[in-house]
Amino acid sequence: MKLKQKIDVESIEDKSKHIELERRNEIVQPNQQNIEIISAKINEQKQLSTELQPLWLEVLQGLFKAWQESFGNNTPEGHVHSPKNTIFLLKPWIVRLLKMDILSKPNHLQSIEKHIPGTLRICAESLNDYAVALSELRPLKKKNLYQASELIALSRQLLDRKIYESNQRLIEQQIESLEEI
């Protein structure tokens, strides 16, 4: 029984890596350019807009830079060298983003997206990457998997992409596998 569960977990990990590779190949280049453009727009908005709170812009800019740096730590094929490093880079910004409650208020998001197009996508991608890194952290812990599941669900609320749905299913399978043990 335990051998089958071990094989199931390994096949889940292989599927997860394959899906992550496909996703990274799809978005790496355009998003690195978008981050540079968005960072420049954030700097402009800090001076021009009274509608956007400077603290939101600071957190978003920090998140985008951390997300971009996490890309730099990956292989050209998109494999993550270290889930711990991805978590280390993204966690402080994601925690601040969630505490500030920006993502749960549609009018805030619409306002930010209006001034800085691409913000929703990069927030969704950052949340997804953080969730995937949590699910790859070893040893597997239910707490991390539950948090990853919540973050993937939030990613899907921002931008419902097939890859997020696939990642969510994989994380749910990991949770089920751990609960069976």
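Refer to the structure printed above.
Residues numbered from 1 in each chain as written. Predicted model: local features only at pLDDT ≥ 70, side-chain atom pairs only at ≥ 80, totals over all residues. Heavy atoms only, no water.

**Q** Looking at this structure, how should I read the packing of aromatic side chains?
**A** Two measures describe an aromatic ring pair: the distance that separates the ring centres and the angle between the ring planes. In the structure shown here, the tally under the stated rule is 0 aromatic pairs. Over the aromatic face of tyrosine 164 sits the side chain of arginine 161, whose NZ or CZ is 5.6 Å from the ring centroid. (Phe/Tyr/Trp six-rings, centres within 6.5 Å; stacked < 30°, edge-to-face > 60°. Lys NZ or Arg CZ within 6 Å of the ring centre and 35° of its normal.)

**Q** Got a minute to help me understand the nonpolar core in this structure?
**A** The nonpolar side chains of a soluble globular protein tend to be buried, and buried together. Residues Leu97, Leu103 and Cys123 are the most contacted members of the largest nonpolar core, which totals 37 residues. Looking at this core, the elements that each hand over two or more residues are helix H2 (54-72), helix H3 (83-99), helix H4 (106-115), helix H5 (119-136), helix H6 (142-158) and helix H7 (162-180). In contact with leucine 103, not counting residues within four places along its chain, are Leu97, Leu98, Leu109, Cys123, Leu127, Leu154 and Leu158. (Core = buried A, V, L, I, M, F, W, Y, C linked by side-chain atoms within 4.5 Å. Buried < 20%, exposed > 50% of the residue type's maximum accessible area, 1.4 Å probe, protein only. Helix = DSSP H or I, 4+ residues; strand = E, 2+ residues; numbered from the N terminus. Contact = heavy atoms within 4.5 Å.)

**Q** Just to check I follow, could you spell out the pattern of salt bridges for this structure?
**A** Close approach of charged atoms allows side chains of opposite charge to pair. Counting across every chain of the model gives 5 salt bridges. A salt bridge links arginine 161 to glutamate 125; the shortest N-O distance between them is 2.5 Å. Taken together, the residues span a long stretch of sequence, with arginine 161 in the loop between H6 and H7 and glutamate 125 in helix H5 at a distance of 36 residues. Judged by relative accessible area, glutamate 125 falls into the buried class, the value being 0%. A salt bridge links arginine 156 to aspartate 160; the nearest nitrogen and oxygen atoms lie 2.9 Å apart. You can call arginine 156 partly exposed: its relative accessible area is 25%. In this structure aspartate 160 comes out as exposed when scored by relative accessible area, which is 54%. Taken together, the shared-partner salt bridges in this structure form one network comprising Arg156, Asp160, Glu165 and Arg169. (Salt bridge = Lys/Arg side-chain N within 4 Å of Asp/Glu carboxyl O.)

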